[in-house]
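Structural overview
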Amino acid sequence: MKKLLTIFAVLILSIGTLAACSDKDKENNDEGKSEEQSGESNDTNQDNEDANADDENEEAENADDEESKPGEIDGEDQLDLVLGDTGHFDTTLGTYDMTVSAAELKGYDFEGIESQLDDWILLDVTIKNTSDKALNAEDVIGAMEVTDNLEGSGSIGAVGAFDAVKDFEGEIEPGEEQSAQFITEVFEADAYYFRKVSGNVAGGSSNQVIWNIKSEDLK
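Described below are features of the structure shown in this document. (Residues numbered from 1 in each chain as written. Predicted model: local features only at pLDDT ≥ 70, side-chain atom pairs only at ≥ 80, totals over all residues. Heavy atoms only, no water.)

1. Considerations on the environment of glutamine 178
Cut-off, in case you're wondering: Counting from the N terminus, the helices are the DSSP runs of H or I reaching at least four residues and the strands are the DSSP runs of E reaching at least two. The cut-offs for exposure are 20% and 50% of the maximum accessible area for each residue type, with area from a 1.4 Å probe on protein chains only; residues under the lower value are buried, those over the upper are exposed, and the others partly exposed. Pairs of residues are marked as contacts when any of their non-hydrogen atoms sit within 4.5 Å. Between N or O atoms, a polar contact is any pair within 3.5 Å; within protein, one atom must be a potential hydrogen donor and the other a potential acceptor, and residues adjacent in sequence are included only when both atoms are from side chains.
By the element assignment, glutamine 178 lies in strand β11 (residues 177-186). Under the relative-accessibility criterion, glutamine 178 is labelled buried at 17%. Considered as a pair, glutamine 178 and asparagine 129 are 49 residues apart in the sequence and their alpha carbons are 8.8 Å apart. With residues up to four places along the chain from it excluded, the contact list for glutamine 178 reads Val125, Thr126, Ile127, Ala137, Asp167, Phe168, Glu169, Glu171 and Ile172. A distance of 2.8 Å separates a polar side-chain atom of glutamine 178 from the backbone nitrogen of glutamate 169.

2. As for the sheet that holds strand β8 (residues 144-147)
Selection rule: Strands pair, by our definition, only if DSSP identifies at least two bridges between them.
Judged by pairing direction, the sheet is mixed, and its 5 strands sit side by side in the order β1-β13-β12-β8-β9 without closing on themselves. Bordering the open sheet on either side are β1 (78-81) and β9 (155-156), each of which pairs with just one other strand.

3. Considerations on a negative patch on the surface
Our working definition: Surface patches are defined over residues having more than 30% relative accessible area and no salt bridge, joining like charges when they lie within 9 Å and nonpolar side chains (Val, Leu, Ile, Met, Phe, Trp, Tyr) when within 5 Å. All accessibility values rest on the Shrake-Rupley procedure with a 1.4 Å probe; residue burial counts only the protein chains present in the view. Note on definitions: salt bridges are taken to be side-chain nitrogens of Lys or Arg within 4 Å of carboxyl oxygens of Asp or Glu. When charges are counted, Lys and Arg are positive and Asp and Glu negative, with His and the chain ends excluded. A charge is said to be at NZ when it belongs to Lys, at CZ for Arg, at CG for Asp and at CD for Glu.
Negative charge collects at one region of the surface, where Asp118, Glu188, Asp190, Glu216 and Asp217 lie side by side. Inspection of the secondary structure assignment puts aspartate 217 in the segment after β13 (209-214). On the basis of relative accessibility, which here comes to 36%, the residue aspartate 217 falls in the partly exposed class.

Set out below in structure tokens:
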């Protein structure tokens, strides 16, 4: 009888020990899962924070690019100017005003030089520097052309070939202006157009400004 009681007591003690171990293992497993879930949550939060920071940085960079792009042209096109009008240029060289005060056809032969087309056209032009840096006058006038067809190409200046034609020279300081002339060869036509070289406009380096010169306006 005593032996049976002893065996029975050992069984009860063993069952209690197993139950305690099981509870301990369950507790450890729960703690491990909790820590693992916490770690995953922290990693996810960190990833989200990094992604948000990247998005904010990208948005800030895009905003800066939109606010200030080097060489960006803001000037509006002016396509219907006439003699006496002043056009406003916004270019990669700087900003400036240009006034065409007079136009004259000089004939097929001018100063002993024959036109390769039908005639020579001479314009009186004034350029005023409205930017904050000096402008090269020859570069400014060298980017102009005359055409009788707005859909076609034009003729650039040839002032250097003539002694009696006043050429633009040197630099124009901010706020200063210079008056000289522009001459080129043209076909016989009812109207001519003095404008920025179309390739410069297409390339985004300038707005377009066009003077419409009718035959009756020519001297």
